[in-house]
Amino acid sequence: MLAYLQDANTEQQKEEAAKLINELIVEFPEALDLHRLRAESFSGLDDAEAKLTTAMEEYPRQAVYYLQRAKLYRQQNEYDKALADYRLAEEADKNYFRVYEERGSLHMSQERYEEALADLNKALELEPFRSWTYKRRATTHFHLGHFDETLADLAKSVELNPEDLSALSWIPLGEVAACPDESFRDGLLELADKSTDLTDKAARAYAARGWILAAFGQEEKALDDADIACADLGRA
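**Considering the nonpolar core**
- Of all hydrophobic cores here, the largest spans 30 residues; its most connected members are Tyr 65, Tyr 86, Tyr 96 and Val 99.
- Secondary-structure elements contributing two or more residues to this core are α2 (11–27), α3 (32–41), α4 (48–58), α5 (63–75), α6 (79–92) and α7 (97–109).
- In terms of residue count, the dominant contributor to this core is α5 (eight residues).
- When sequence neighbours within four positions are dropped, the list of residues in contact with Tyr 65 reads Ile 25, His 35, Arg 38, Ala 39, Leu 52, Ala 55, Met 56 and Tyr 59.
- Among the nonpolar cores identified, the runner-up in size contains 24 residues, and Ile 171, Leu 189, Ile 212 and Leu 213 belong to it.

As structure tokens, this is what we get:
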């Protein structure tokens, strides 16, 4: 049922899906996923803010409506309003991990890394198997100079989702190459080495390691990895 609602594409399908969501919410008013779909369905509408505000008044304990309006405010560069909605979302549901995950993301974008770290810690306390969140927290640790913690979070992200190796280049490689901590750079390369054994998609792993090697000035080894990646793609 949720997959059907999420896959609605045409205007008619979207209208039918919205009607069905509203009917289901009346029957199951505590169903978080239904409220999340309803909140997301307002995205892109001219009156999205008004619809979300009305939904908050109808269901004040559903944090998803505050989060969706906060997202709208962020798109409009109204960050104080977004933060206010994150506070309301926390009041509505202090155990919903997305409240802290999304507020942490905003703090990161504003380079408030201590605040970001506190929120991302809470998000992972509530939902400890989110590869996405570990990548975000790794970036936060890096900017705070916590290099051991950065490596640990990048490794955890790869462990949780070895098919997605974006964690290896999540922190801009120019910043990584300029990092004064040599053990961090060595640790990242070691993680890249291990990643070649973690996934069946070898091309991605060798390409990711090649980017790191290139950033570190090891161009010959980077070219070797690029050749391996291309050869693997040719066999696919």
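**Considering the environment of Ala 192**
- Tracing the backbone through its elements, the reader meets Ala 192 in helix α12 (residues 182–195).
- Judged by relative accessible area, which is 0%, Ala 192 ranks as buried.
- In this structure the C-alpha to C-alpha distance between Ala 192 and Glu 30, which are 162 residues apart in sequence, comes to 43 Å.
- Those residues in contact with Ala 192, other than ones at most four positions away along the chain, are Leu 168, Arg 209 and Ile 212.

**Things to note about the layout of surface pockets**
- One number sums up the size of the second largest pocket: a volume of about 280 Å³.
- Taken together, 15 residues make up the lining of the second largest pocket; nearest its centre are Glu 40, Leu 67, Gln 68, Lys 71 and Glu 102.
- Listing elements by their share of the lining of the second largest pocket, those giving two or more residues are α3, α5 and α7.
- In terms of residue count, α5 provides more of the lining of the second largest pocket than any other element does, five residues in total.
- Each residue belonging to the lining of the second largest pocket can be placed in one class, and the counts come to six nonpolar, three polar and six charged.

Parameters at a glance
Residues numbered from 1 in each chain as written. Predicted model: local features only at pLDDT ≥ 70, side-chain atom pairs only at ≥ 80, totals over all residues. Heavy atoms only, no water. Core = buried A, V, L, I, M, F, W, Y, C linked by side-chain atoms within 4.5 Å. Buried < 20%, exposed > 50% of the residue type's maximum accessible area, 1.4 Å probe, protein only. Helix = DSSP H or I, 4+ residues; strand = E, 2+ residues; numbered from the N terminus. Contact = heavy atoms within 4.5 Å. 1 Å grid on protein atoms, 1.4 Å probe; cavity = no way out; pocket = protein on both sides within 12 Å on 5 of 7 lines; lining within 4 Å. Points joined across faces, edges and corners; volume = space filled by probe spheres on them. Nonpolar A, V, L, I, M, F, W, Y, C, P; charged D, E, K, R; others polar.

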